[in-house]
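In case you want the letters, here they are:
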Amino acid sequence: MRRRHTAAMAVSLVLIAAAPLPASAAPSPAEALPSPAAASPAAAAHSRRQVLQRYAKDTWKSMDAMVDPATGLAADKIDGSLDPGTRAKVTSPTNIATYLWSTLAARDSHLISRVAAQRRIAKTLGSVAKLQRHTPTGQFYNWYDPHTLQLVRTWPEDGSVVQPFLSSVDNGWLAAALMMVRSAVPEVSKQAETLLTGMDFESYYDPAAQPDAGTGLLRGGFWPSRPSGCSVESDYNNSGTRVYSTCHHYGALTEVRIASYVGIALGQLPPEHYYGMWRTFPDTCDWSWAEQKPVGSWQTHMGVRVFEGTYGYRGMRLVPTWGGSMFEELMVPQLVPEDVWGARSWGRNQPVYVAAQIEHGMNDAKYGYWGFSPSNNPDGGYREYGVDALGMDTPGYTSDQERTSVDYGFEGCREAQPEPTSYGDGVVTPHASFLALRYAPDAALGNLARIKANFDSYGPGGFYDAVAVRSGKVAKQYLALDQGMIMIALGNELADDTLRGYFATRGVTARLAPLLGAEEWAVVPSATTPAK
C-alpha cells in the first residue's frame, strides 16, 4: 500500500488582493480580518461566491486532466503542469469515486452541462464494469491501470511486486459514490445499481471483534492469496472461498466509517456495529498507551456499551480521530450529513475539531497557517500530517517535518512529558481548508488566501497539494483524492448541499439517521470556536 486512502464574507477577497508577504511574515489572525464596513452583506456574499467558483473551475481542470480519455478513469495523481504524460499509471476505487462525485460537483456548479456529466459518468461506469473483481464478494482490488484496466501487479515507479489486495475503506468510497450516482443521474442509475449490488461489505466484517460489546468491526481488507506478513485465514460466508484478512480491525470512528455507513445502509452490516467503534478508548490503565486519558462515561445503545469519551486540547474538549488529521474527521460529512443526523454528536464535534486545528496552526505551533491532513510531502513522497493532540494514536500524525509530538500522559498510569517549546517546518494542505468551509468559512477562505498570496502554491489546476510554510517548499502535484475532496466541498457549498442529498436518500436516512441521533457527546467549544 503506497498511500493511505486510507468545516465578514469579504475575508477572501481582501486577502487575495493583499501584497504577497514572505513566508516568515505571515499575517496574524487579527491582521487577516477586514473592517466590518469593508462590504455590504450582499456584496460580500457575491464576492465570496466568485472566489469559490474560481477555485472550483481551476480544481476541475486538474481532475479532468487526470482522466484517461479512453476509459474515463482518473489516475492517482498528475504533475502540477497538468501534462498528460505525467499521469500516474495506477488508479484505485477511491480515485474512481472522487472523479464520479467531482463530475457531479462540476455539473451542479455549472462548470459542465448535464449532458456532458452524464456522458462522462457513463464512460467511467462502463470501464468500472470491466475491472476484475473478487468473486464472490464483488469487491474491487486496490490498484488498476487506468488505461488498460488491468490489475496492477508491478508498481510502475520502482518495479516492485504488488500483491492484489481488497480494501474496506477504498471500496466504501466507491460504493458511496455509486449510491450518489444512482440518485443523481437517472440515465445511468441502472448501471450504478448493478455495480453496487454486487459489492458485499460483510466480507470485511468480524462479528466477534468486540466480544464485550456484543458486536463486530471491519477489518482493513483481505488478500485472495496468503500474504507474506500477518493475516487471518477465513472461509467467506462458509462458501468455500478462502480469504486472508488483515490482522487489524478499524476500531476508531475515523474516515473508514464510510464503509460502515455503506454496509449498514445496504443492509449488509448490523446497525449496532456503529456503536462498536471507539469514540475514545476507556479511561482505565489497560488503555494507557493512548494519547491521553479521556473524560467520559459508559452509555448503552442498541444493547452495546459505548464509552463516550472526549480529549482535551487548549480549553476545548472533543472526540478525537485516530491520527489527528482533517481528512479523518471531515471527508465523510462531505457525503454523509452527520452534523444533521447527529446534531448532538457530530454536529457538536466537527466545528470544534476545526477550531482545534486552527488553534494549533495559529497559536500553538505559530505557523501562521493551518490545515493538517495526509498529503504529498514537499520533500518528496507522501506523508500523514495532522495535529498529534487530536489523535488517539500515541505517535500520532504530526504537523511539521520534524515530527514534533506531544505526550500528555495518562493520569495515574503514564507520566506526561514536557510540551514542545517550538515546532519546525509545518506542512499545510489546501484540501484541509476546503473541508473546513462548512464549519468556519471565513477562517478557511482567509487561510487559503494567505497560502495563495505568500507561496508559489497555485497552478493551472488550482492549489498544489501541500506547502511547508517555513521553508517555503511546495509539493507541486495534484492528487485525485485531495482534489476530489476540494471538489465535493465546493460542490456542496455552491449548490446548497446537493451532493450530500444524493447520498442521503430516504432509505439511507431511515437506516443511518437514528443511529447518529442517539448519542450526545460532551464536546466543549472554545470561546473562539466559529458558530455554524
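Residues numbered from 1 in each chain as written. Predicted model: local features only at pLDDT ≥ 70, side-chain atom pairs only at ≥ 80, totals over all residues. Heavy atoms only, no water.

K.L.:
Explanation requested: the overall build of the protein in the structure shown.
P.N.:
Check the secondary structure of the protein and you find 16 helices and 19 strands. Expected size for 532 residues packed as a compact globule is a radius of gyration near 24 Å; at 22 Å, the protein falls within 12% of this value. Dimensions along the principal axes, computed over C-alpha positions, put the protein at roughly 70 × 60 × 45 Å. Taking all 532 residues of the protein together, 60% fall into the buried category. Entry remark: accessible area of the protein is about 19,200 Å², with carbon and sulfur atoms responsible for 52%. Of the charged side chains in the protein, 46 are positive and 52 negative; the average position of the first set lies 7 Å away from that of the second. (Helix = DSSP H or I, 4+ residues; strand = E, 2+ residues; numbered from the N terminus. Rg over C-alpha atoms; globule rule 2.2 N^0.38 Å. Buried < 20%, exposed > 50% of the residue type's maximum accessible area, 1.4 Å probe, protein only. Areas by Shrake-Rupley, 256 points an atom, 1.4 Å probe, with all protein chains shown as cover. Lys, Arg positive; Asp, Glu negative; His and termini not counted. Charge placed at Lys NZ, Arg CZ, Asp CG, Glu CD.)

K.L.:
What is the right way to read helix 11 (residues 346-364) from this model?
P.N.:
The α-helix winds at 3.6 residues per turn, so residues separated by three or four positions along the chain end up facing the same way. Summarising burial for helix 11: 17 of the 19 residues are buried, a large majority. Within two residues after helix 11, K366 carries a phi angle of roughly 60 degrees, on the positive side.

K.L.:
What exactly am I supposed to notice about unusual backbone geometry here?
P.N.:
Apart from glycine, the bulk of residues carry a negative phi angle, and the bulk of peptide bonds sit in the trans form. Residues T135 and P136 are joined by a peptide bond in cis, for which omega reads 10 degrees. One can find P136 in the loop between helix 4 (114-128) and strand 2 (166-167). With a phi angle near 55 degrees, D496 is a residue other than glycine that sits in the positive phi range. Overall, the relative accessible area of 71% leaves D496 in the exposed class.

K.L.:
It is not clear to me how the state of the cysteines should be interpreted in this structure. Could you clarify?
P.N.:
Put plainly, a disulfide is one covalent bond tying together the sulfur atoms of two cysteines. Going through the model one piece at a time under the given rule, you end up with two disulfides. Between C230 and C247 runs a disulfide, and the two sulfur atoms are separated by 1.8 Å. Across the disulfide from C230 to C247, rotation about the S-S bond amounts to roughly -95 degrees, and the bridge is consequently left-handed. Linking C230 in the loop between strand 5 (221-223) and strand 6 (232-236) with C247 in the loop between strand 7 (241-245) and strand 8 (249-250), this pair joins segments that are 17 residues apart in sequence. For C230, a relative accessible area of 53% gives the class exposed. Take C247: its relative accessible area is 31%, and that puts it in the partly exposed class. Between C285 and C413 runs a disulfide, and the two sulfur atoms are separated by 1.9 Å. Its torsion about the S-S bond being -75 degrees, the disulfide of C285 and C413 is classed as left-handed. Linking C285 in the loop between helix 8 (273-276) and strand 9 (295-301) with C413 in the loop between strand 13 (382-383) and strand 14 (427-428), this pair joins segments that are 128 residues apart in sequence. (Disulfide = S-S within 2.5 Å.)

K.L.:
I would appreciate a short explanation of the sheet that holds strand 18 (residues 474-475) in the present structure.
P.N.:
Hydrogen bonding along the main chain pairs the strands of a sheet, whether they run parallel or antiparallel. Read from one edge of the open sheet, three strands run 14-17-18, paired in antiparallel fashion. If you trace the sheet from one side to the other, it starts and ends with strand 14 and strand 18, each paired once. Across two bridges, the pairing between strand 14 and strand 17 (residues 466-468) is antiparallel. When the sheet's bridge partners are listed, V428 is paired in strand 17 with V467. (Pairing = 2+ DSSP bridges.)

K.L.:
Got a minute to help me understand empty space enclosed by the protein in this structure?
P.N.:
Rolled over the atoms, a probe as big as a water molecule pinpoints where empty space is left. Taken as a whole, the largest cavity spans an internal volume of roughly 60 Å³. Looking at side-chain class alone, the lining of the largest cavity contains six nonpolar, five polar and three charged residues. (1 Å grid on protein atoms, 1.4 Å probe; cavity = no way out; pocket = protein on both sides within 12 Å on 5 of 7 lines; lining within 4 Å. Points joined across faces, edges and corners; volume = space filled by probe spheres on them. Nonpolar A, V, L, I, M, F, W, Y, C, P; charged D, E, K, R; others polar.)

K.L.:
Quick question: what am I supposed to make of the packing of aromatic side chains here?
P.N.:
Two aromatic rings, taken as a pair, are described by how far apart their centres are and by the angle between their planes. One pass over the full model with this rule turns up 25 aromatic pairs. Plain terms: the ring middles of F281 and W289 are 5.1 Å apart, the flat faces sit at 55 degrees to each other, and that makes the pair tilted. Note on F434 and F463: the rings are 6.0 Å apart at their centroids and 65 degrees apart in plane angle, and the pair reads as edge-to-face. Residue F434 is found in helix 12 (residues 430-435), and its partner F463 is found in strand 16 (residues 462-463); the two are separated by 29 residues along the sequence. The residues F434 and F463 share a single accessibility class, namely buried. An aromatic cluster of three or more residues is present, and its members are W278, F281, W287, W289 and W322. (Phe/Tyr/Trp six-rings, centres within 6.5 Å; stacked < 30°, edge-to-face > 60°.)

K.L.:
What's the story with the packing of helix 4 against helix 6 (residues 189-197) in this structure? I'm lost.
P.N.:
Between two packed helices, what matters for the description is the angle formed by their axes and the separation of those axes. Two numbers describe how helix 4 lies on helix 6: the axes approach to 10 Å, and their chain directions differ by 30 degrees. If you check the angle between helix 4 and helix 6, you find them roughly parallel. Remark: the crossing between helix 4 and helix 6 carries left-handed chirality. From helix 4, A122, L125, G126 and V128 reach across to helix 6, where they touch Q191, A192 and L195. Tallied by class, the residues present in the contact of helix 4 with helix 6 amount to five nonpolar, two polar and no charged. (Axes fitted to C-alpha atoms, helices over the stretch in contact; angles between N-to-C directions. Parallel < 35°, antiparallel > 145°, perpendicular 65-115°, else oblique. Left-handed = near helix turned anticlockwise from the far one by under 90°. Contact = heavy atoms within 4.5 Å.)

K.L.:
Honestly, the pattern of salt bridges in this entry has me stumped. Any pointers?
P.N.:
Any two side chains of opposite charge can pair if their charged atoms end up close together. Enumeration over the complete set of coordinates arrives at 21 salt bridges. For E493, the salt bridge is made with R48, and the minimal N-O distance between the two is 2.2 Å. Residue E493 is found in helix 14 (residues 480-494), and its partner R48 is found in helix 2 (residues 41-65); the two are separated by 445 residues along the sequence. Look at E493 and you get partly exposed, because its relative accessible area is 24%. (Salt bridge = Lys/Arg side-chain N within 4 Å of Asp/Glu carboxyl O.)

K.L.:
Explain helix 6 to me, please; I cannot follow it from the model alone.
P.N.:
Listing the buried residues of helix 6 in full gives A192, L195 and L196. An end-on view of helix 6 places all buried positions within 100 degrees of arc, on one side of the element. The outward face of helix 6, more than 90 degrees from its buried face, is lined by the exposed residues K190, T194 and T197. Buried residues belonging to helix 6 abut helix 4 and helix 5 (168-184). (Arc of directions from axis to C-beta.)

K.L.:
What exactly am I supposed to notice about the side chain of T280 here?
P.N.:
Here T280 shows up in the loop between helix 8 and strand 9. For T280, a relative accessible area of 0% corresponds to the buried category. In contact with T280, not counting residues within four places along its chain, are P294, F307, G309, T310, Y311, P320 and M392.

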